[in-house]
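Summary of the model geometry
Here is what each chain is made of, one letter per residue.
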Amino acid sequence: MAVKVLDFWASPYGVRVRVALAEKGVSYESQEEDLFGGKSDLLLQSNPIYGKVPVLLHDDKPVLESSNIVYYIDETWPSPHLMPASSYGRSRARFWTDFIDKKVYDVGRNIWMGKGAEVEAAKDEFIDVLKKLEGALGDREYYGGDQFGFLDIIFVSLSCWFPTYEKYGGFKVEEETPKIAAWLKKCYKRETVAKSMPDCQKVIEFVGMMRKMHGIE
Amino acid sequence: MGEVKLLGGLGFSPYVNRVEMALKLKGVEYEPIAEDVKNKSPLLLQHNPVHKKVPVLIHNGKGIAESLIIVEYIDQVWQEGPPILPKDPYQRAMTRFWAKFIDEKCIIATWKACCSTGEEQEKSKEESMEALKFLEDEIKGKKFFGGENIGFVDIAANFIGYWLPIISEVKGVQLITEEKFPNLWRWMNDYCNDNFVKGILPSKDALVERFKSK
């Protein structure tokens, strides 16, 4: 029952899959994709519509889209449970997953790809997104309640790009949304998260390179 | 199973219609509450403060938002009716993938292809053709996306199956023809003529009137 993951070191979406598999204790083979030099045939065949990572291959059958992959991992290897037990709890997890998927990375991207006034506007929008997510956390330990769970994985994975947004947006997550900063610190202490996240400094350098490629600096 | 209310529009939203389809498939009794999207009710703002949009399902006083999330919730809570999503985790993953593809790649592109103008319209037409080709391949050899019976992806594709041909007719922009997409064309006809689906779709005349004014 072979498990393979097509991944890219800096992909926050790839981090989700790494954390989920680690939480379940599932061993897998990781294949690093060269997104700039040339995507592998396996990636292009497995994901012909989007050609994107991550892709999980379970006995050669591809599962696409990171949130989808984490749902699949949770349903295929049921222990420990990542999704909440109640149907209502699950619908809340899906709702916030959808919100995070639509807002966090794309708005963050507008910060480091933007020019002039666009950057300030993107920063304000990003902080607004964080505040909504802080509201969703409330006074709980984790998004999953007492235990680290599905939504924690979905959101924490994107945080490896936060120092990049802070640098180009000129703000600090800790000042704007202290509860999120505290929650992040808790998550980073978890071994499955710590070993799955890329080095944030390397991500900043990577983004610097992409900005040069796009003629922004 | 508790009190169920559906905050919906004035009957024309394909997103609200998805939820209605799921509720009726499971035989769930519910109270439909009309919502004027230009004058949003306190109930809507209370239960969907993030997006402030319909549909919102209120079950035992708790609100669930986003149509496909609501449909999945209905499938989990009311287990007695026919299943909407498959049981097998891999099939579920594929089902969710296609439903999201329809939402993100098909609906917006085809809407713009019909309703926008100039360069935006041309670009949207190309995007629509590309997206519809993938759907065409996916429906090949199957009666419905869900197999023998209507499933999650068929519910998600209600806009493609019913709203789009009406908008196409009103705006004079043909996207799905029998020659270009024979499998999708066949699915559209099976879908719209299915006795169950027919009973839930809004009236064609009412939709034509609505789109003529847009």
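This is a predicted model, so every value here is computed, not measured.

A word on the overall build of chain B
- Counting secondary structure elements, chain B contains 10 helices and 4 strands.
- Moving toward the C terminus, one meets the helices and strands of chain B in the order β-α-β-α-β-β-α-α-α-α-α-α-α-α.
- In terms of overall size, chain B behaves like a compact globule, its C-alpha atoms giving a radius of gyration of 17 Å where 214 residues would be expected to give roughly 17 Å.
- By its C-alpha atoms, chain B is 50 × 40 × 30 Å across when sized along the principal axes.
- Taking all 214 residues of chain B together, 53% fall into the buried category.
- A fraction of 69% describes how many contacts in chain B between residues 6 or more apart in sequence connect residues 24 or more apart.
- The centroid of the 29 positive side-chain charges in chain B is displaced by 3 Å from the centroid of its 31 negative side-chain charges.

Remarks on the overall build of chain A
- Each helix and strand counted, chain A has 11 helices and 4 strands in total.
- For 217 residues, the compact-globule formula gives about 17 Å, and the C-alpha radius of gyration of chain A, at 17 Å, lands near that figure.
- For chain A, the spread of C-alpha atoms along the principal axes amounts to about 50 × 45 × 30 Å.
- Residues counted as buried form 55% of the 217 residues belonging to chain A.
- Considering only residue pairs separated by 6 or more positions, chain A has 71% of its internal contacts joining residues 24 or more positions apart.
- Carbon and sulfur atoms make up 50% of the accessible area of chain A, which amounts to about 9,600 Å² in all.
- The positive charge centre, built from 29 side chains, and the negative charge centre, built from 33, are 2 Å apart in chain A.

A look at the UniProt feature "domain: GST C-terminal" (unreviewed entry) in chain A
- Here the UniProt-annotated "domain: GST C-terminal" (unreviewed entry) positions come out as residues 86-206 of chain A.
- End C-alpha to end C-alpha, residues 86-206 of chain A measures 41 Å, and it is 74% helix and 0% strand.

What to know about the pairing of strand S3 (residues 56-59) of chain B
All names here are of chain B.
- Here S3 shows a buried face lined by Val 56 and Ile 58 and a second buried face lined by Leu 57 and His 59.
- In this structure, strand S1 (residues 4-8) lies alongside S3, joined through 4 bridges in antiparallel fashion. Paired with Leu 6 across the bridge in S3 is Leu 57.
- Sheet analysis places S3 next to strand S4 (residues 62-65), joined by 4 bridges and oriented antiparallel. When the bridges of S4 are listed, Ile 58 appears paired with Gly 63.

Description of the interface of chain A and chain B
- Taken together, the 26 residues of chain A in the interface contact 25 residues of chain B.
- Here chain A packs against chain B, burying approximately 2,400 Å² in sum over the two surfaces, 64% of which is carbon and sulfur.
- On the chain A side of the interface with chain B, the three residues burying the most area are Ile 49, Tyr 88 and Phe 95 of chain A, jointly 25% of the side's total.
- At the junction of chain A and chain B, the tally comes to 6 salt bridges.
- Of the charged contacts in the structure, one is a salt bridge between Arg 94 of chain A and Glu 72 of chain B, with a shortest N-O distance of 3.0 Å.

Focus: the packing of aromatic side chains
- Tallied over the entire structure, the rule returns 32 aromatic pairs over all chains.
- On the basis of an interplanar angle of 85° and a centroid distance of 5.7 Å, the ring pair of Phe 126 of chain A and Phe 162 of chain A is categorised as edge-to-face. You can see Phe 126 of chain A sitting in helix H5 (residues 117-137) and its partner Phe 162 of chain A sitting in helix H7 (residues 162-169), a full 36 residues away along the chain.
- Residue classification places Phe 162 of chain A among the buried residues on the basis of a relative accessible area of 3%.
- Feature note: the residues Phe 8, Trp 9, Tyr 13, Phe 36, Tyr 105, Trp 112, Trp 161 and Phe 206 of chain A constitute an aromatic cluster, connected by ring pairs.
- The cationic tip of Lys 61 of chain A hangs over the ring face of Tyr 90 of chain B; the distance from NZ or CZ to the ring centre is 4.7 Å.
- Looking at Arg 94 of chain A, its charged tip hangs above the ring of Tyr 71 of chain A, at a distance of 4.8 Å from the centre.

Points about the pattern of salt bridges
- For the structure on display, the rule yields 28 salt bridges over all chains.
- Residue Arg 16 of chain A pairs with Asp 101 of chain A through a salt bridge whose shortest N-O separation is 2.9 Å. Of this pair, Arg 16 of chain A sits in helix H1 (residues 12-24) while Asp 101 of chain A sits in helix H4 (residues 87-113); the two residues are 85 residues apart in sequence, bridging distant segments of the chain.
- Its relative accessible area of 18% is what places Asp 101 of chain A among the buried residues.
- Glu 72 of chain B is the partner of Arg 96 of chain B in a salt bridge, and the nearest nitrogen-oxygen pair spans 2.5 Å. With Arg 96 of chain B in helix H4 (residues 89-115) and Glu 72 of chain B in helix H3 (residues 67-77), this pair connects stretches of sequence that are 24 residues apart.
- Residue Arg 96 of chain B is classed as buried on the basis of its relative accessible area, which comes to 7%.

Cut-offs applied
Residues numbered from 1 in each chain as written. Chains lettered and ligands numbered in written order. Predicted model: local features only at pLDDT ≥ 70, side-chain atom pairs only at ≥ 80, totals over all residues. Heavy atoms only, no water. Helix = DSSP H or I, 4+ residues; strand = E, 2+ residues; numbered from the N terminus. Rg over C-alpha atoms; globule rule 2.2 N^0.38 Å. Buried < 20%, exposed > 50% of the residue type's maximum accessible area, 1.4 Å probe, protein only. Contact = heavy atoms within 4.5 Å. Lys, Arg positive; Asp, Glu negative; His and termini not counted. Charge placed at Lys NZ, Arg CZ, Asp CG, Glu CD. Areas by Shrake-Rupley, 256 points an atom, 1.4 Å probe, with all protein chains shown as cover. UniProt positions renumbered as here; feature names shortened; annotations may be inferred. Pairing = 2+ DSSP bridges. Buried area = accessible area lost by both parts, 1.4 Å probe. Salt bridge = Lys/Arg side-chain N within 4 Å of Asp/Glu carboxyl O. Phe/Tyr/Trp six-rings, centres within 6.5 Å; stacked < 30°, edge-to-face > 60°. Lys NZ or Arg CZ within 6 Å of the ring centre and 35° of its normal.

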